[in-house]
There are 4 protein chains.
Amino acid sequence: MLHFDSDYMEGAHPLILKRLSEINFDKNEGYGLDPYCESATEKIRKACNCPEAQVVYLVGGTQTNALVSDAIMHRGEGVLTPRTGHINTHEAGAIEGWGHKVIEIRSELSKMTAEDIADYVDKFFADGSYEHMVLPTMVYISNPTEYGTLYSLSELTAISKVCHERHLPLYMDGARLGYGLASPGYDVTLADIARLVDVFYIGGTKVGALFGEAVVFANPNLNVTLRLVKHHGALLAKGWLLGVQFDTLFTDDLYMRISANAVNQALRLKQALLDKGYELFCDSMTNQQFVVLENSKVKEMLPRAGFKLWEKFDETRSVVRFATSWATTDEQINELIAML
Amino acid sequence: MLHFDSDYMEGAHPLILKRLSEINFDKNEGYGLDPYCESATEKIRKACNCPEAQVVYLVGGTQTNALVSDAIMHRGEGVLTPRTGHINTHEAGAIEGWGHKVIEIRSELSKMTAEDIADYVDKFFADGSYEHMVLPTMVYISNPTEYGTLYSLSELTAISKVCHERHLPLYMDGARLGYGLASPGYDVTLADIARLVDVFYIGGTKVGALFGEAVVFANPNLNVTLRLVKHHGALLAKGWLLGVQFDTLFTDDLYMRISANAVNQALRLKQALLDKGYELFCDSMTNQQFVVLENSKVKEMLPRAGFKLWEKFDETRSVVRFATSWATTDEQINELIAML
Amino acid sequence: MLHFDSDYMEGAHPLILKRLSEINFDKNEGYGLDPYCESATEKIRKACNCPEAQVVYLVGGTQTNALVSDAIMHRGEGVLTPRTGHINTHEAGAIEGWGHKVIEIRSELSKMTAEDIADYVDKFFADGSYEHMVLPTMVYISNPTEYGTLYSLSELTAISKVCHERHLPLYMDGARLGYGLASPGYDVTLADIARLVDVFYIGGTKVGALFGEAVVFANPNLNVTLRLVKHHGALLAKGWLLGVQFDTLFTDDLYMRISANAVNQALRLKQALLDKGYELFCDSMTNQQFVVLENSKVKEMLPRAGFKLWEKFDETRSVVRFATSWATTDEQINELIAML
Amino acid sequence: MLHFDSDYMEGAHPLILKRLSEINFDKNEGYGLDPYCESATEKIRKACNCPEAQVVYLVGGTQTNALVSDAIMHRGEGVLTPRTGHINTHEAGAIEGWGHKVIEIRSELSKMTAEDIADYVDKFFADGSYEHMVLPTMVYISNPTEYGTLYSLSELTAISKVCHERHLPLYMDGARLGYGLASPGYDVTLADIARLVDVFYIGGTKVGALFGEAVVFANPNLNVTLRLVKHHGALLAKGWLLGVQFDTLFTDDLYMRISANAVNQALRLKQALLDKGYELFCDSMTNQQFVVLENSKVKEMLPRAGFKLWEKFDETRSVVRFATSWATTDEQINELIAML
């Protein structure tokens, strides 16, 4: 049985398991105060060209989004997001759970424009009742987005400018960041992100780690305390488990190399889909491919290949998603293509 | 200077002040455990034809909306609302402050349809990821709405049916309820509301009381405890101040009689606006009238008449709101008409 | 039937009712942006000798305590309090409801010492695990306390010093502040409080107002925004109702004059209790008197006089509380004394 | 350098690493819906003699305590705990962060008695103001406690009886549960716990797992939804990582066998301490040993052995804690004894 259901179906890159085994009986200090976290942080700072960044290691994405947004926002404040932003749709209200509003603004295929952000904020402050309204205080984007789309360097630069002119920290959810950075022709680097964005996270769970996300506070005015992490129930006792994973991923460019595999496999699939005349739902250059399939085709494939039914397209067709990962093999893609 | 800025610019109906004076030196038990609250509750139950309703007296609207929704919802749950619903726009995130999501659904002039509610909920449960999403667990409507519009008996009946089939309590924000019920030709009564809606409040602050809202839990499965009211900081020590006000408003039909004045004055203004060829922004049969004015006209009038700039209409015109109240006089409306 | 159950059983001082009537049909701007609030604020600033203080008018005590502490504290932070502090015992967890811990420290008859506060905080920072513990970030005292006791000038000065050396805002719950300030021989003035304390409130509900508390942010670095007040559901639409009450109370020293009556009546009662050989539970110089009564005496009196059963003293006796108010008359005290 | 700082300094039992490697490239369904979680659950149910228990796998202890208590409590409710309970001292206010009060009651060496619990609750309901007070709705105990002490079968039975008579769910924090169950002569089994306690967790992080805690809802009326877990940011995407760990720990009695090693090593140390004439701070039969050391001795040892300074004992002595783990070796204990 093939599986393209999601990009977090496998464990970790073998080098990570190897290092976890090697240090298994060492005695490590807890809570991220170990040398592996320290080393990983140095490597991430270097990769981001951001020597002063605070880097914090957390276990999962919803936890990270909730913690970061709670660290930035106060009561009566809200975060701007595209309608399909993960915090708005698939985190069971975790942001609201900590007391903050998630404010949808206009978006297309999970992307907002700088203009729409500016427009929302400017209209807000022009409204005579704005003291009664939730203050927009930060902006959430995911990159790649939930539709596999990417913000180009010019788009990201424009959004960054609009946010900073209005004193809104810009936060990037990078659950799949590697699968964007490794996309052929993508003009944004990790250093660009650290320069344009205030806080972002480098996703590990979906990109080669057993689990874990590395949160980078590139803006030196923003950070989290150990106490806040603990308060959120997000402080891993054995923090070195996260440190050693990210240290491995950021040694010898491993993170980028394994990300590239996922993207390449996805683009082979995309080409095959186009060659066979399938209609793509959107143009993704990352590891998620959205395609319109006849419902009969879906029914025929499902017993042999796992993938996600995304949404109804029309009465006889559905949008489905195929997700590759760092671990996807040529054979798996070949088999899938043969099935289509 | 004339004032049509809002419907809560005056104090209370004189009968209320009189009764407050009369009992001023009596010794009353606190927290709503007094005979005035008891008497008011009996009268409200009767007016609602709902002999078992729990009636709770609170001080203000945002407090009421936050308390009621927090009493109904658990963590990870959300309330459906029109985009312009007061809880979504003008309560500084109070609902989210208690941990719940406010979920906008399609609406027009602050009104949702039964179909759109059903559609949202049914699609929600058809989504394979729904356990990761905020559960829609109640529905918020205001009546009259923020645009002065009203839900007809058939509309309300349809919404009630859709909600109850899906086990969603239906909550009505009645900040201006009197100004709807007293609208000529409106086919909904207090008893209809108590029959169709699970919880609603009868607004006093805007309708003749010094302050206060009477929350009616018509659905016997829903209620609030004194402890929850206290937890919200919403328990008035001298609860009898609220009891005696609502007891007065529900004696000899006072609430309806003074509501009728506001509506009649507003409809006189509306007719005058139409006669003078003004464009109404929407067709309101209640105490709020929205009209499109030239910006030059706005500028000319503002030094002599207070009203609310609602929103930009186009480059040269604005939507403005005139609000009448139970205390608005013929003279005030005459003067305003003369100015238009 | 006599009533000494509590100090909030009557309405308002007649001058307040009179002024509410006088302005009843004026058109006032909402949300505290009216001239009465402005005037009251000027008078309170003057009485406090604190010309820059932010003064905010709220409806009740729990609401005030929750809002002020939420304005000062962030996540993972806590407020030090005596065990019997109102926020710790009788507010249904309102402080915790907004996410903050209430930290009991050693106290006697509701009073903490400067030493105990210092000791707690210094031990906290000496603990190697303090980053995992709730950060003590403010100190709550009530004055008069829940046992009618008072902080002397030297005690308050010492607490203020200890707090400020440790950067802990000191907050005073002044629900019964008048009944302390008017106590014969009490050496603390409103100006002392504004000088020594960072935030406090001047209770109106129990001291002559229909309802309302005036919160004084004496420390210019602390304040609340209108948005936060709204977020807490604590923004009274008709804010002028509060302004006019406090304007009246701070005109011609009314607040102090009516407070003195309550204290004088209580001290007459106290003397009579001593004369008759009753055992006082504690030595209160304010409007609350705690006395040890035989249970048979309690049973005998209750049909004719309301008072509060405070706690069991021993198998045959109880501690009871008699509370006087600004409205208590000579006759009422005479009758009570005759009954004892 | 020796290390007895804590019991979570090593990675995982080698069998766990081996199984994680074996399934690394399998494609597993996320969120705990995998066969490893299913198998672990069956084994845990069997070990607990509780075939209907819901078993949920989480990452860490604070997360677990916050989630379980939030699942059980509503607003205005609180959890009874000993003063030194982990939720009260070392979780940065996580319980309060979700809106609930932590209520300290009398305790000795982290243990409460059934009598003290009953006394608190019965006095609560006898207080005329109890509707204004935080409702005690659950009881938290840790076992072993923070001082290494254990609740005996008769103590646990008495507490269980008192709680259930008063409808208070009893929750046991089992971060070190194995180190209690494996204590020689301890008369409580996993099945006893499942019978007497409503919810508890079997700690993995400190007992052989890389990370993870297995929460057992033994009371069929209590549970958590996947949505609530997600809302708390506590849903591990790759849930099978937890499943496979607990499946391994509950195969062939591994959990008990490795727990026994920690306890045996700790008891060897304890005997040596007694033989050498040291004063134990308390009598622990589990993996944590608390001993009173001269400060000079502490200073001498610290460069060669890590352990925890627990608290000041008197001017010249301190209480220190030595913690063993499943991975502690004979040699390590021998070396430590030689140093003492």
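Residues numbered from 1 in each chain as written. Chains lettered and ligands numbered in written order. Predicted model: local features only at pLDDT ≥ 70, side-chain atom pairs only at ≥ 80, totals over all residues. Heavy atoms only, no water.

Asker: Could you give me a rundown of empty space enclosed by the protein, with the residues and numbers involved?
Answerer: As enumerated under the stated definition, the model contains 10 cavities of 30 Å³ or more in all. Looking at the largest cavity, its volume works out to about 80 Å³. Arg-75 of chain A, Gly-97 of chain B, Arg-75 and Gly-97 of chain C together with Gly-97 of chain D are, among the 18 residues lining the largest cavity, the residues nearest its centre. Counting residues per element, the ones that place at least two in the lining of the largest cavity are helix H5 (94-97) of chain C together with helix H5 (94-97) of chain D. (1 Å grid on protein atoms, 1.4 Å probe; cavity = no way out; pocket = protein on both sides within 12 Å on 5 of 7 lines; lining within 4 Å. Points joined across faces, edges and corners; volume = space filled by probe spheres on them. Helix = DSSP H or I, 4+ residues; strand = E, 2+ residues; numbered from the N terminus.)

Asker: So what's going on with the side chain of His-13 of chain A? Which residues, and what values?
Answerer: All names here are of chain A. Within the secondary structure, His-13 is located in the loop between strand E1 (2-3) and helix H1 (14-22). For His-13, a relative accessible area of 16% corresponds to the buried category. With sequence-adjacent residues up to four places away left out, His-13 is seen in contact with Gly-208, Leu-254, Ile-258 and Trp-326. (Buried < 20%, exposed > 50% of the residue type's maximum accessible area, 1.4 Å probe, protein only. Contact = heavy atoms within 4.5 Å.)

Asker: Can you break down the interface of chain D and chain A residue by residue, with the values?
Answerer: Counting residues at the interface gives 44 residues for chain D and 44 residues for chain A. Roughly 3,800 Å² is buried in total at the junction of chain D and chain A, and carbon and sulfur atoms are behind 61% of that figure. By the criterion of area lost to chain A, the three top residues of chain D are Tyr-8, Lys-27 and Lys-238 of chain D, representing 18% of everything that side buries. For Glu-10 of chain A, the salt bridge identified is with Lys-27 of chain D, shortest N-O distance 2.5 Å. Joining chain D to chain A, the criterion identifies 26 residue pairs in polar contact (both at pLDDT 80 or more). Counting only elements with at least two residues in the side of chain D that touches chain A, the list comes to helix H1 (14-22), helix H3 (61-72), H5, helix H10 (226-231) and helix H11 (240-249) of chain D. If one sorts the elements of the side of chain D that touches chain A by residue count, H1 of chain D sits on top with 4 residues. Of the residues belonging to the side of chain D that touches chain A, the class tally is 21 nonpolar, 15 polar and 8 charged. (Buried area = accessible area lost by both parts, 1.4 Å probe. Salt bridge = Lys/Arg side-chain N within 4 Å of Asp/Glu carboxyl O. Polar contact = N/O pair within 3.5 Å; in protein donor to acceptor, adjacent residues only side chain to side chain. Nonpolar A, V, L, I, M, F, W, Y, C, P; charged D, E, K, R; others polar.)

Asker: Quick rundown of H1 of chain D? Include the residues and the values.
Answerer: Owing to its 3.6 residues per turn, the α-helix aligns residues three or four sequence positions apart on the same side. Those residues of H1 of chain D that fall on the buried side of the exposure criterion are Ile-16, Leu-17 and Leu-20 of chain D. Around the axis of H1 of chain D, the buried residues are gathered within 100 degrees of arc, so they sit on the same side. In the core, the buried residues of H1 of chain D are packed alongside H1 of chain A together with H11 of chain D. (Arc of directions from axis to C-beta.)

Asker: So, the pairing of strand E10 (residues 288-294) of chain B: which residues are in play, and what are the values?
Answerer: Strand residues, when the strand is regular, have side chains that alternate between the two faces of the sheet. Residues and elements named next belong to chain B. With respect to burial, E10 is a largely interior element, 6 of its 7 residues being buried. Inspection of the sheet shows E10 paired to strand E13 (residues 317-323) by 7 bridges, in the antiparallel sense. What sits directly across from Val-291, in E13, is Val-320. (Pairing = 2+ DSSP bridges.)

Asker: Run through the sheet that holds strand E6 (residues 170-173) of chain D, naming residues and quoting values.
Answerer: Residue and element names in this part refer to chain D. The strand order E2-E8-E7-E6-E5-E3-E4 describes an open sheet built from 7 strands, whose pairing is mixed. Only two strands of the sheet have a single neighbouring strand rather than two, namely strand E2 (54-58) and strand E4 (101-105). Within the sheet, the average angular offset between the axes of one strand and its neighbour, ignoring direction, is 25 degrees. Relative to strand E8 (residues 213-217), E2 runs antiparallel, the two being bridged by 5 bridges. Within the sheet, the bridge partner assigned to Gln-54 lies in E8 and is Phe-217. Here helix H2 (residues 35-48) sits on the sheet and contacts E2, strand E7 (199-203) and E8; the angle it forms with E2, its principal contact strand, is near 125 degrees. Across the sheet, H11 is in contact with E2, E7 and E8; its angle to E2 comes to roughly 115 degrees. (Axes fitted to C-alpha atoms, helices over the stretch in contact; angles between N-to-C directions.)

Asker: I'd like a rundown of the domain arrangement of chain A, residues and numbers included.
Answerer: All names here are of chain A. Domain annotation of chain A identifies domain 1 (2-6 + 257-339) and domain 2 (14-254). The straight-line distance from the C-alpha centre of domain 1 to that of domain 2 is 27 Å. Taken residue by residue, the interface counts 21 residues in domain 1 and 24 residues in domain 2. Buried surface at the junction of domain 1 and domain 2, both sides included, amounts to about 1,700 Å², of which 59% is carbon and sulfur. Counting the contacts that link domain 1 with domain 2 gives 0 salt bridges. Linking domain 1 to domain 2 there are 10 residue pairs in polar contact (both at pLDDT 80 or more). Where the side of domain 1 that touches domain 2 is concerned, the elements lending two or more residues are helix H12 (254-275), strand E10 (288-294) and strand E12 (308-312). If you tally residues by element for the side of domain 1 that touches domain 2, the top one is H12, at 7 residues. (Domains from an automatic or database assignment.)

Asker: I'd like a description of the confidence of the model for chain A, backed by residues and values.
Answerer: Looking at chain A as a whole, the pLDDT averages 97, with 100% of positions reaching at least 70. As a predicted assembly, this complex carries a pTM of 0.97 together with an ipTM value of 0.97. (pLDDT = per-residue confidence, 0-100.)

Asker: So what about the packing of H2 of chain D against H11 of chain D? Which residues, and what values?
Answerer: Residues and elements named next belong to chain D. Interaxial distance between H2 and H11 falls to 7 Å at its minimum, and their mutual angle equals 35 degrees. Along this stretch, H2 crosses H11, giving a crossing that reads as left-handed. Residue-level contacts link Tyr-36, Cys-37, Ser-39, Ala-40, Lys-43 and Ile-44 of H2 to Trp-240, Gly-243, Val-244, Phe-246 and Asp-247 of H11. (Left-handed = near helix turned anticlockwise from the far one by under 90°.)

Asker: Tell me what's going on with the interface of chain C and chain D, and back it up with residues and numbers.
Answerer: Facing 19 residues of chain C, the contacting portion of chain D comprises 19 residues. In terms of surface lost to chain D, no three residues of chain C exceed His-90, Glu-96 and Lys-101 of chain C, which account for 33% of the buried area on that side. Our count for the contact surface shared by chain C and chain D stands at 2 salt bridges. For Glu-96 of chain D, the salt bridge identified is with Lys-101 of chain C, shortest N-O distance 2.6 Å. Seen at the junction of chain C and chain D, the total is 9 residue pairs in polar contact (both at pLDDT 80 or more). Looking at the side of chain C that touches chain D, the elements with two or more residues in it are helix H4 (86-89), H5 and strand E4 (101-105) of chain C. Of the residues belonging to the side of chain C that touches chain D, the class tally is 4 nonpolar, 10 polar and 5 charged.

Asker: Run through the relation of the copies chain D and chain A, naming residues and quoting values.
Answerer: Rotating chain D by 180 degrees about the axis while translating it 0.0 Å along that axis superimposes it on chain A, leaving an RMSD of 0.0 Å. Such a combination of rotation and displacement between the chain copies is what one expects of a two-fold axis. Most of the interface of chain D is mirrored in chain A: 100% of its interface residues are interface residues there too. (Least-squares fit on C-alpha atoms with pLDDT ≥ 70 in both.)

Asker: So what about the packing of aromatic side chains? Which residues, and what values?
Answerer: Inspection of the entire model under this criterion finds 63 aromatic pairs over all chains. Between Tyr-31 of chain B and Tyr-8 of chain C, the aromatic rings sit 5.9 Å apart at their centres with planes inclined by 70 degrees, giving edge-to-face as the arrangement. Here Tyr-31 of chain B, found in the loop between helix H1 (14-22) and helix H2 (35-48), pairs with Tyr-8 of chain C, found in the loop between strand E1 (2-3) and helix H1 (14-22), and the two come from separate chains. Ring geometry for Phe-307 of chain D versus Phe-322 of chain D: centroids 5.0 Å apart, planes at 50 degrees, classification tilted. Placement of Phe-307 of chain D in the loop between strand E11 (305-306) and strand E12 (308-312) and of Phe-322 of chain D in strand E13 (residues 317-323) is noted, with a sequence separation of 15 residues between them. An aromatic cluster is defined as three or more aromatic residues linked by ring pairs; in this entry it consists of Tyr-147, Phe-281, Phe-290, Trp-310 and Phe-313 of chain A. Lying across the ring of Tyr-151 of chain B, Lys-111 of chain B places its NZ or CZ 5.4 Å from the centre. (Phe/Tyr/Trp six-rings, centres within 6.5 Å; stacked < 30°, edge-to-face > 60°. Lys NZ or Arg CZ within 6 Å of the ring centre and 35° of its normal.)

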